[in-house]
Amino acid sequence: MKDYDIAIIGAGHNGLIAACYLAKAGFSVGVFERNKEVGGAAVTREGPSGFTYFEGPHVLTGFSPSVMRELDLSQYGLDIIPLPGRTTLNAEGQFLTTNRDERQSFSAIKYFSLQDAEMYRVFLRDLTRQKRIAALSQPRIGSDQRFGKRYLREDVGKWLGQVEQFGKDALSESVRLWTSSCADYLQSYFQEDIVQAHIASPVFMGVDKGPFCPATAFLLLRCGFDQSLHGAQGFVRGGMNRLSHALESAAKDAGVDIHLRSEVIEVQVEKNKVRGLTLIDSTSVKAKVVVSSLDLKRSVMMLFDWKDTERGVLEQARNYKLEGTLAKLNIALDGLPKFPNLPQDSTVLGGLMNFVSNLFEIEAAYDAWRDQIVPSRPFLEITIPSVMDPSLAPTGKHLMSVYVQYIPTKLLSGPWDTAARERLATIVIDQIAAHSPDFTKRIEDWSLSVPRDFEDKFSLTNGDVFHGQLSLSQILSGSALLGSNGTLPGIDGFHLCSPVTTEDRGMTGLPGARIARRIARGFEDE
Amino acid sequence: MSDQSQEDDFFEQRDDIGSPAVVRKWQYDAIVVGGGHNGLVCANYLAKMGLEVVVVEARGVLGGMAVNTTQDHGSLESSDFAHLISGIPGFIVRDLKLNKFGLRFSGHGTRTVSIDEEGRKLTLSPTLEESRESIERLSRSDADKYSDFTDHWTKVAAALKRFVSMAPPPLELGSHTSLESLHGWLEQAARVSPDILKRAQSGLMAPVADIVEDLFETDLLRGTLAFDAVLGMNVGPRQAGTMLSYLQRLIQRDLAMQSNVGYPVGGMTAAINALAKSAQARNVEIMTDARVTDIRISDGRVHGVDLEGGMNLDAKIIVSSLDPKQTILSLAGVRHFDLEFIQKLRAIRSNGAIAKIDLQLSELPNITGLNPDEFRGRIVISPDIDYIERASAAIKYGEYALAPIAEIVFPSLFSEEAGETHHMSAIIQYVPYDIAGGWVTKRDQFEHHILNALKFYAPDLLNKVLDARIMTPADIEDEFGIWGGNWHHTEFSLDQFGPMRSMPELAQNKTPIEGLYLCGAGTHPGGGLTGLAGHNAARVISDAVKRRS
């Protein structure tokens, strides 16, 4: 096997993006992927005759425009169809649709309450302000030298001066956002149950907490309610694997070698310096730098032999919390199901939908998850991507993709066997059918993945799609273990490009891009 | 010594605690509303500053929730509500010379015996060796780690204790003074060693479950430690903010023990008596059965209070040890505040989650697995993390926990006058303030359920019950006038902590009304029987008085 400047573990989108940037910067780059195809979780597969099933995410949220531009991804066939809207349909058959257009969202909320509609504007303005404050170069917490008197007086003082520009109440509002429960925070703006539930609905997908849990309001910052969240939000035309294929082609054109079916079992380290990789077939690959797109826990616990180095790192990684909460259901339909309470237009049916009436319903599903049982009413994110992109299903037919939230990785009652999976699918189908009389009879086929399957297929520990839960303490302690370049203490030449390196855990592509830039800069410095 | 005898002599002359009928004057420098421990501590400090102070207490007895004596229940007298004494800090004992006023301390703390459904037990004692021995019977490795754990967090607590005896910094930016006072806090923070700060940082925000599960393997040990963290909270151990609560408890313990004074002999009743005596020795007027009906406000500042029965007292400083909602909504009146402020005040979470049950028993019950000697500590039912978390979920939906966590003590074993009967007191958590269906209809069912739940651990309990008395959070509201019946006055949580307690506008013990201050558990550092909030308020008032003169 050829030697590389840089070896990358995992051909998910972040791994491929890092590979592209590094190859373009002139390094020799090899990508090593366990599976037989690239893409990580951003893959689709052939369903029954002519259907395309989404194995992982069905929409992109916040994909970086600069990555798209710099890697010329539209040239490689990446086309993003903007998400038309999000709709909440409650038990009484009322619905609320909003999108990133503030005026349209305002009118929709006004139907329920003028005050809530007016507060929506205030809410968006406040969130935008909080995003800006969060984006200030904060006094970083976690690395030792940053504590001590000078840091506290100067850095914190400087930061406070910057925060002050956002208003008298900027700091107290910040503290409120980062410590409150999502429920309390939303209730301070909105009175209508459907409005509260609607706004909370994108927040909790993949999160191991419910809306009434303390310190969950800050998760609102991740959601692109309006234009203030940068990045593309929408469907990838042709299916999510088009993104992966565009990145694959871009990487190959840049000179990257992509090795499929090449599972890495160890990162070779000598005298605290990375030397290369060992593959599962014992092949040794020399590399000066290794970049891992696996999650923090997996990277630390599976790739290194920690006998010689610090055991503290291992301990911290072991205590790092990854929790699976999402299941995925693909449903092949012989036609577009009717939702009598919803308008039959593409803004609604072609967007994301959920059926929650209030925050308590979401919380109750969370409580079941915590007790390791399947909620009687799991919290759904439903989309029919074939409405916007007919290529995903045979003519006249439709594909429905459902994220099922608050599904435990382990069940108290026993294994995730066929019976348990069928029970879950039935619960989900029944919840949808309650709003769509012809839904059940339109089903041609379905396919379900539970969190355990995400771990097996995509190497996501416990099936955690975020590569690590977004709790307040974890945000602090995660950055304590990782250096600013995604490095691990005591190991020179190893970098992580998992979403854990950024506070926004969506599919942004930024972790890959940022790490690549920093590595390239590091080489220049030497 | 002569100083002491002087004060004692003075006290001898006036051992009456006044009622409004025998009050000597109408005008004071400061009126303290509420004669609980925080009110009394504050009154003492204000008097020390040379102010003329009156304390007005609505009930017939002093002590508020600390001393839960109700006149109509002679059979179950004098049960300390917060029967675990977290302790008055050594510096307050010294400042107020409480030992001269009859406060004595015994050197040892309370032993905790924790039991589970399978009859396992675990003893955590103030002496590490005893705890280690007990843990070792369950897990060798946990016993080894336990000393590191206590050592680590005790160090953090000791380093952070400086932050509980001062009002938190204002978060409002833009004014020169506020930035300066933030800097003052940062200066304090800079004195804490970087290593401790770093450890505290991630720990403070963590759920206690993460900390104890990462370290220990024994469910009973994890559950017992988590119990101390969630006690008095509305959430379970898997939620953010619970480690902060644990740390708060360690800080209180550290403050109480810093002079090695130990715990008050005679419990909180004795501490309250000493505080009252020391206040009177400082010329503080104390009125009981004096219910404030109105705090008089005009032109944005206070002028005095009206008492039930038509009496008025005048003062330019009014310090309320009641909860913020009671103080502002019921006594001051919403008309004096702007709408947004009132809306935020109403949004403060203040519902309690604890019920208390007092049983008069013909004799001591048998508790499975415990010997009578172990009845002298506190007995905790909190067997594992998931058990607690499940219990906590109930109140979100207006239900009480079917399998609650509980702390049981036998106050009659500590009483100096041994009686014929015994008294068992238990606190039961998680019990909703607003129960679905209403407490009027659910009360009997709840009482029945709790007695049966206790019967599981004490099979012969029901045969020995002579009298039972249950206080739900709604009862606590009625009895003590605390909105929501929360013994921390307002929920102790990350978003209502420190500079956010109970809302940013009130966190410095001040209110938007000039001269109206808060000194109750609804201000920093919150609940626990420390008197720190009273102390902090007095400091704030002292600064204000100095600035004016």
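Nothing here was measured: the structure is a model prediction, and the numbers come from that model.

## Concerning the overall build of chain A
And step 1. When its secondary structure is counted, chain A shows 18 helices and 19 strands.
And step 2. Against the 2.2 N^0.38 benchmark of 24 Å for 526 residues, chain A shows a C-alpha radius of gyration of 23 Å, consistent with a compact globule.
And step 3. Dimensions of chain A, computed from the C-alpha atoms along their principal axes, are close to 65 × 60 × 50 Å.
And step 4. Expressed as a percentage of contacts within chain A between residues at least 6 apart in sequence, the contacts between residues at least 24 apart total 74%.
And step 5. Looking at chain A as shown, the accessible area adds up to about 20100 Å², and 48% of this sits on carbon and sulfur atoms.
And step 6. The positive charge centre, built from 57 side chains, and the negative charge centre, built from 63, are 3 Å apart in chain A.

## Brief notes about helix 1 (residues 13–24) of chain A
Residue and element names in this part refer to chain A.
And step 1. For helix 1, spanning twelve residues, the distance from its first C-alpha to its last is 16 Å, which sits close to the expected 16 Å at 1.5 Å a residue.
And step 2. Burial analysis of helix 1 places eleven of its twelve residues in the buried class, the great majority of the element.
And step 3. Where helix 1 is concerned, the buried positions are His13, Asn14, Gly15, Leu16, Ile17, Ala18, Ala19, Cys20, Tyr21, Leu22 and Ala23.
And step 4. Among the residues trailing helix 1, Gly26 stands out with phi positive, at a value near 100 degrees.

## Concerning the pairing of strand 1 (residues 30–33) of chain B
Looking along a regular strand, one sees the side chains alternate between the two faces of the sheet.
All names here are of chain B.
And step 1. Taking every second residue as pointing to the same face, both faces of strand 1 are buried, with Ala30 and Val32 on one and Ile31 and Val33 on the other.
And step 2. As paired strands, strand 1 and strand 2 (residues 53–56) are joined by four bridges and run parallel to one another. In the strand pairing of strand 2, Val32 is matched with Val55.
And step 3. In this region the chain leaves strand 1, passes through helix 2 (residues 37–48) and returns to the parallel neighbour strand 2; the handedness of that crossover is right-handed.
And step 4. In terms of strand pairing, strand 1 meets strand 11 (residues 317–320) through four bridges, oriented parallel.

## Things to note about the packing of aromatic side chains
All names here are of chain A.
And step 1. All told, the structure shown has 27 aromatic pairs over all chains when counted by the stated rule.
And step 2. Here the aromatic rings of Phe339 and Phe355 are separated by 6.3 Å at their centres, their planes lie at 35 degrees, and the arrangement is tilted. Of this pair, Phe339 sits in the loop between strand 14 (326–333) and helix 12 (346–349) while Phe355 sits in the loop between strand 15 (352–354) and helix 13 (359–370), placing them 16 residues apart in sequence. Taken individually, Phe339 and Phe355 each receive the classification buried, so the pair is uniform in this respect.
And step 3. By the ring-pair criterion, three or more aromatic residues cluster together here, those being Tyr120, Phe123, Tyr185, Tyr189, Phe190 and Phe225.
And step 4. The lysine or arginine in question, Arg121, covers the ring of Phe106, its NZ or CZ lying 3.8 Å from the ring centre.

## What to know about unusual backbone geometry
And step 1. In this structure, the amide linkage connecting B:Arg501 to the following residue, B:Ser502, adopts the cis form with an omega of -25 degrees.
And step 2. For B:Ser502, the position within the fold is in the loop between helix 17 (473–480) and strand 17 (516–518).
And step 3. Even without being glycine, A:Asn272 reaches a positive phi, approximately 65 degrees.
And step 4. Backbone geometry at B:Lys97 places phi at a positive 50 degrees, although glycine is not the residue there.

## Remarks on the domain arrangement of chain B
Residue and element names in this part refer to chain B.
And step 1. Assigned domains within chain B: domain 1 (2–73 + 81–105 + 263–348 + 493–548) and domain 2 (145–251).
And step 2. The interface of domain 1 with domain 2 comprises 17 residues on the first partner and 15 residues on the second.
And step 3. Looking at the side of domain 1 that touches domain 2, the element that brings in the most residues is helix 18 (residues 532–548), giving five residues.
And step 4. Each residue belonging to the side of domain 1 that touches domain 2 can be placed in one class, and the counts come to nine nonpolar, seven polar and one charged.

## Quick word on empty space enclosed by the protein
All names here are of chain A.
And step 1. Under the definition given, this model contains three cavities of 30 Å³ or more.
And step 2. Here the largest cavity defines a volume of roughly 120 Å³.
And step 3. Lining of the largest cavity is provided by 16 residues; of these, Lys209, Ala215, Leu470, Ser471 and Leu472 occupy positions nearest its centre.
And step 4. Its boundaries defined by the atoms lining it, the second largest cavity holds a volume of some 70 Å³.
And step 5. Lining the second largest cavity we find Arg86, Ser201, Pro202, Met205, Leu352, Met353, Asn354, Phe379, Leu380 and Glu381.
And step 6. Mapped by element, the contributors of at least two residues to the lining of the second largest cavity are strand 15 and strand 16 (379–383).
And step 7. Within the lining of the second largest cavity, the residues separate by chemical class into six nonpolar, two polar and two charged.

## A word on the packing of helix 10 (residues 296–303) of chain A against helix 11 (residues 311–318) of chain A
Residue and element names in this part refer to chain A.
And step 1. Where helix 10 contacts helix 11, the two axes come as close as 9 Å, and the packing angle between them is 140 degrees. In terms of orientation, helix 10 lies oblique with respect to helix 11. Two packed elements cross with a definite hand, and for helix 10 against helix 11 that hand is left-handed. On helix 11, the residues touching Lys297, Val300 and Met301 of helix 10 are Val313, Leu314, Ala317 and Arg318.
And step 2. A class-by-class count of the residues in the contact of helix 10 with helix 11 yields five nonpolar, no polar and two charged.

## Regarding the nonpolar core
And step 1. Of all hydrophobic cores here, the largest spans 195 residues; its most connected members are A:Phe123, A:Leu220, B:Leu46 and B:Val319.
And step 2. Looking at which element gives the most residues to this core, the answer is helix 11 (residues 267–281) of chain B, with nine residues.
And step 3. Within the second largest apolar cluster, 50 residues are counted, among which are A:Tyr21, A:Tyr53, A:Ala250 and A:Cys497.

## Remarks on the state of the cysteines
Residue and element names in this part refer to chain B.
And step 1. Taken as a whole and judged by the stated rule, the model has zero disulfides over all chains.
And step 2. In this structure Cys42 is a free cysteine whose sulfur lies 4.4 Å from that of Cys519, the closest cysteine sulfur available.
And step 3. Looking at Cys42, the relative accessible area reads 0%, which means it is buried.

## Some thoughts on the packing of helix 2 of chain B against helix 18 of chain B
Residue and element names in this part refer to chain B.
And step 1. As a packed pair, helix 2 and helix 18 sit with axes 7 Å apart at the nearest point and diverge in direction by 35 degrees. The handedness of the crossing between helix 2 and helix 18 comes out as right-handed. Residues Asn38, Val41, Cys42, Tyr45 and Leu46 of helix 2 form the contact with helix 18, whose participating residues are Leu532, Ala533, Gly534, His535, Ala537, Ala538 and Ile541.
And step 2. Here the residues of the contact of helix 2 with helix 18 are counted per class, giving nine nonpolar, three polar and no charged.

## Looking at the sheet that holds strand 15 (residues 422–429) of chain B
Residue and element names in this part refer to chain B.
And step 1. Strand order in the open sheet formed by seven strands is 5-4-13-14-15-12-16, and the pairing between neighbours is mixed. Both edges of this open sheet fall to strand 5 (121–124) and strand 16 (465–471), since each of them pairs with a single strand only. Pairwise comparison of adjacent strand axes, ignoring direction, gives a mean angle of 20 degrees for this sheet.
And step 2. Pairing of strand 4 (residues 112–115) with strand 5, which is carried by four bridges, proceeds in the antiparallel orientation. By the bridge assignment, Ser114 is partnered in strand 5 with Leu122.
And step 3. Contacts between helix 15 (residues 439–457) and the sheet are confined to strand 4, strand 12 (354–361), strand 13 (378–381), strand 14 (405–409), strand 15 and strand 16, with strand 12 contributing the most and set at about 65 degrees to the helix.

## Describing the sheet that holds strand 14 of chain A
Backbone-to-backbone hydrogen bonds pair the strands of a sheet. The strands run either parallel or antiparallel.
All names here are of chain A.
And step 1. The seven strands are arranged 8-7-15-16-17-14-18 in an open sheet whose pairing can be described as mixed. Only two strands of the sheet have a single neighbouring strand rather than two, namely strand 8 (95–98) and strand 18 (443–449). On average, each strand axis in the sheet is inclined to that of its neighbour by 20 degrees, with strand direction left out of account.
And step 2. With six bridges connecting them, strand 14 and strand 18 associate as antiparallel partners. Residue pairing for strand 18: Asn330 is matched across the bridge by Ser447.
And step 3. Along the sheet, helix 14 (residues 418–433) makes contact with strand 14, strand 16, strand 17 (398–405) and strand 18, crossing strand 18 at roughly 125 degrees.

## Regarding the interface of chain B and chain A
And step 1. At the interface, 35 residues of chain B touch 41 residues of chain A.
And step 2. When the two sides are added together, the surface that chain B and chain A hide from each other amounts to roughly 3500 Å², 63% of it contributed by carbon and sulfur.
And step 3. Counting the contacts that link chain B with chain A gives seven salt bridges.
And step 4. Our enumeration of links across chain B and chain A arrives at nine residue pairs in polar contact (both at pLDDT 80 or more).
And step 5. Examining the composition of the side of chain B that touches chain A, we find that seven residues originate from one element, helix 6 (residues 176–191) of chain B, more than from any other.

Definitions and cut-offs
- Residues numbered from 1 in each chain as written.
- Chains lettered and ligands numbered in written order.
- Predicted model: local features only at pLDDT ≥ 70, side-chain atom pairs only at ≥ 80, totals over all residues.
- Heavy atoms only, no water.
- Helix = DSSP H or I, 4+ residues; strand = E, 2+ residues; numbered from the N terminus.
- Rg over C-alpha atoms; globule rule 2.2 N^0.38 Å.
- Contact = heavy atoms within 4.5 Å.
- Areas by Shrake-Rupley, 256 points an atom, 1.4 Å probe, with all protein chains shown as cover.
- Lys, Arg positive; Asp, Glu negative; His and termini not counted.
- Charge placed at Lys NZ, Arg CZ, Asp CG, Glu CD.
- Expected span 1.5 Å × (residues − 1).
- Buried < 20%, exposed > 50% of the residue type's maximum accessible area, 1.4 Å probe, protein only.
- Pairing = 2+ DSSP bridges.
- Right-handed = clockwise from strand over helix to strand, strands pointing away.
- Phe/Tyr/Trp six-rings, centres within 6.5 Å; stacked < 30°, edge-to-face > 60°.
- Lys NZ or Arg CZ within 6 Å of the ring centre and 35° of its normal.
- Domains from an automatic or database assignment.
- Nonpolar A, V, L, I, M, F, W, Y, C, P; charged D, E, K, R; others polar.
- 1 Å grid on protein atoms, 1.4 Å probe; cavity = no way out; pocket = protein on both sides within 12 Å on 5 of 7 lines; lining within 4 Å.
- Points joined across faces, edges and corners; volume = space filled by probe spheres on them.
- Axes fitted to C-alpha atoms, helices over the stretch in contact; angles between N-to-C directions.
- Parallel < 35°, antiparallel > 145°, perpendicular 65-115°, else oblique.
- Left-handed = near helix turned anticlockwise from the far one by under 90°.
- Core = buried A, V, L, I, M, F, W, Y, C linked by side-chain atoms within 4.5 Å.
- Disulfide = S-S within 2.5 Å.
- Buried area = accessible area lost by both parts, 1.4 Å probe.
- Salt bridge = Lys/Arg side-chain N within 4 Å of Asp/Glu carboxyl O.
- Polar contact = N/O pair within 3.5 Å; in protein donor to acceptor, adjacent residues only side chain to side chain.

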